[in-house]
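# Results of the structural survey
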2 protein chains.
Amino acid sequence: MKTATLGSDLSLAILGLLTIRPASGYGLRKTFRATAMRAFSASPGAVYPALRRLREDGLIEGKVERPHALRPREVFAPTRQGRRALVGALAEPVTREDVVRRMDRLLLRFSFMTGLVGEAETLAFLTRLAEETEKYYRDLADEFRRSGPGLPFTGRAALEQGVESYRATARWARKTLGELRKRMPSKGAVR
Amino acid sequence: MKTATLGSDLSLAILGLLTIRPASGYGLRKTFRATAMRAFSASPGAVYPALRRLREDGLIEGKVERPHALRPREVFAPTRQGRRALVGALAEPVTREDVVRRMDRLLLRFSFMTGLVGEAETLAFLTRLAEETEKYYRDLADEFRRSGPGLPFTGRAALEQGVESYRATARWARKTLGELRKRMPSKGAVR
DNA sequence: TGCAGCATGTAACCTGTTACATGATTAG
DNA sequence: CTAATCATGTAACAGGTTACATGCTGCA
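The following refers to the structure shown. (Residues numbered from 1 in each chain as written. Chains lettered and ligands numbered in written order. Predicted model: local features only at pLDDT ≥ 70, side-chain atom pairs only at ≥ 80, totals over all residues. Heavy atoms only, no water.)

### With respect to the overall build of chain A
Of regular secondary structure, chain A possesses 8 helices and 3 strands. Helices (α) and strands (β) of chain A occur, in sequence order from the N terminus, as α-β-α-α-β-β-α-α-α-α-α. For the C-alpha atoms alone, the extent of chain A along its principal axes is close to 70 × 50 × 35 Å. Burial statistics for chain A: of 191 residues in total, 48% are counted as buried. Taking all contacts inside chain A whose residues are at least 6 apart in sequence as the whole, residues at least 24 apart take part in 59%. Within the structure as shown, chain A displays about 10,200 Å² of accessible surface, and the carbon and sulfur contribution to it stands at 52%. (Helix = DSSP H or I, 4+ residues; strand = E, 2+ residues; numbered from the N terminus. Buried < 20%, exposed > 50% of the residue type's maximum accessible area, 1.4 Å probe, protein only. Contact = heavy atoms within 4.5 Å. Areas by Shrake-Rupley, 256 points an atom, 1.4 Å probe, with all protein chains shown as cover.)

Shown next as structure tokens:
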């Protein structure tokens, strides 16, 4: 059935948040404004159409809370199909393209994994993420060494920022991988 | 006159690249594929419409190189107005919103500054960027300390990645600021 | 009284994605 | 000869931005 509705980061973020806790459109907008998820749009012109698409595709359903009011408050929660679609989206492979152009989405997917996918799969995802990020970091660093000296100052510096940014993410991934392994009962030392 | 055409990162990147060196649409696409600018789209469906908009707004002009062929190669270069618009876009203020949601664009703007805006302005831009990035890094780190312990493992880890990423960028900005000050002969006055 | 927050939505616009389309030239 | 590369474009679709629109509730 494909459910291609989770194409946008915003839809994925909404479905993930609703899986943690049902909320209204306004509640989601508050979350997007008040937490680290502020990188997403909290504008009504983005959130409400996204909610409608998710509902039309059967991934979420809403309960109207004050049916008497002119603008009743509607609280949304994922359907079984929605939960399946979310898990499916989280499980997709990690590609180099993702690492180069959609790192935000990879981290968004990772952030929702606890409780929804097994620790083994989480580990596999993060391993791939670490590998691809390290690979791309090395590619960028090579490019910096090769063409950096010929670039104008600010151009070279901007490239260096890219190198440093991927390096930081690669380190974070390795560190987190270590923490994740420690909390896994089956692998490594028996706790 | 406002020239709002540089709304998209891709348009800005194209205008910047053409200012460094005139190129055809295909040439730009090659650059987007082969260099660190691969974070931008190299697809013809993005590049050619962007070139047309820039030309329609008088920011670039094209010289057809092989007028006999069915698909003649057209090399574009910025007009005087285009150069002005680019400088104007680079000079815009750095806001917290930019740092939170449009860091890519800030770095893109910075990367084109050498030769187009004075070193004093470049210094001012980078100073603001460093300040705002540090401020947001501290906000994120606070959020991590406050709400981190209550989050599920992968959610907390994703937030930590955000913290580390902004920290790396803040460090890069400070370091680059030092290098920039060193190459400025006259304005040795720090602080 | 007036303002901020609650709460939902629409419409025009812009731009990127994906897929399709055409045809020349060049290297193996 | 045939595959890759050069070279330019269009069309349908999706989704975000900005601005507009409505009206209630609680508080100072």
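### A closer look at the pattern of salt bridges
Applying the stated criterion across every chain yields a total of 28 salt bridges over all chains. In this structure, Glu74 of chain A and Arg55 of chain A form a salt bridge, with 2.9 Å as the shortest nitrogen-oxygen distance. Of this pair, Glu74 of chain A sits in strand β3 (residues 74-78) while Arg55 of chain A sits in helix α3 (residues 44-56), and the two are 19 residues apart along the sequence. Between Lys175 of chain A and Glu160 of chain B there is a salt bridge, and its shortest N-O distance comes to 2.6 Å. In this pair, Lys175 of chain A is assigned in helix α8 (residues 153-182) and Glu160 of chain B in helix α8 (residues 153-182), connecting two distinct chains. (Salt bridge = Lys/Arg side-chain N within 4 Å of Asp/Glu carboxyl O.)

### Topic: the pairing of strand β3 (residues 74-78) of chain B
Residues and elements named next belong to chain B. Buried residues dominate β3, accounting for 4 of its 5 residues. Bridge count for strand β1 (residues 23-24) against β3 is 2 bridges, and the pairing is antiparallel. Paired with Ser24 across the bridge in β3 is Val75. Sheet topology note: the strand β2 (residues 60-64)/β3 ladder contains 5 bridges and is antiparallel. In the strand pairing of β3, Lys63 is matched with Val75. (Pairing = 2+ DSSP bridges.)

### Observations regarding the relation of the copies chain B and chain A
Superposing chain B onto chain A takes a rotation of 180° plus a shift of 0.0 Å along the axis, which leaves an RMSD of 0.0 Å. With respect to symmetry, the two chain copies, as superposed, fit the operation of a two-fold axis. Interface residue correspondence from chain B to chain A reaches 100%, placing this contact among same-surface, isologous pairings. (Least-squares fit on C-alpha atoms with pLDDT ≥ 70 in both.)

### As for the packing of aromatic side chains
Residue and element names in this part refer to chain A. By the definition in use, this model includes 8 aromatic pairs over all chains. Their ring planes at 85° and their centres at 4.9 Å tell us that Tyr136 and Tyr166 sit as a pair that is edge-to-face. Here Tyr136 is found in helix α7 (residues 119-147), whereas its partner Tyr166 is found in helix α8, with 30 residues between them in sequence. In this pair, the class of Tyr136 matches that of Tyr166, namely buried. Ring pairs connect the aromatic residues Phe110, Phe125 and Trp172, which therefore count as one cluster. (Phe/Tyr/Trp six-rings, centres within 6.5 Å; stacked < 30°, edge-to-face > 60°.)

### Observations concerning the environment of Tyr26 of chain B
All names here are of chain B. Along the chain, Tyr26 turns up in helix α2 (residues 25-34). In this structure Tyr26 comes out as partly exposed when scored by relative accessible area, which is 47%. In this structure the C-alpha to C-alpha distance between Tyr26 and Pro93, which are 67 residues apart in sequence, comes to 33 Å. Aside from chain neighbours lying at most four places away, what touches Tyr26 is Arg33 and Tyr48.

### Let's talk about the sheet that holds strand β2 (residues 60-64) of chain A
Think of a sheet as strands paired side by side through backbone hydrogen bonds, with each pair either parallel or antiparallel. Strand order in the open sheet made by the 3 strands is β1-β3-β2 (chain A), with antiparallel pairing throughout. Two strands close off the open sheet at either side, each with one partner strand: β1 (23-24) and β2 of chain A.

### Thoughts on the packing of helix α1 (residues 9-20) of chain B against α2 of chain B
Each packed pair of helices is defined by two parameters, the angle between the axes and the distance between the axes. Residue and element names in this part refer to chain B. Contact geometry of α1 with α2 gives a least axis separation of 11 Å together with a crossing angle of 105°. As far as their axial angle goes, α2 and α1 are roughly perpendicular. Counting all contacts with α1, which are made through Leu10, Ala13, Ile14, Leu17 and Leu18, the residues of α2 involved are Leu28, Thr31 and Phe32. Looking at the contact of α1 with α2 residue by residue, the class counts come to 7 nonpolar, 1 polar and no charged. (Axes fitted to C-alpha atoms, helices over the stretch in contact; angles between N-to-C directions. Parallel < 35°, antiparallel > 145°, perpendicular 65-115°, else oblique. Nonpolar A, V, L, I, M, F, W, Y, C, P; charged D, E, K, R; others polar.)

### Side note on the sheet that holds β1 of chain B
All names here are of chain B. Read across the open sheet, the 3 strands follow the order β1-β3-β2; overall the sheet is antiparallel. The sheet is open, and its two edges are formed by β1 and β2, each paired on a single side. Strands β1, β2 and β3 of the sheet are contacted by α1, whose axis makes an angle of about 95° with β3.

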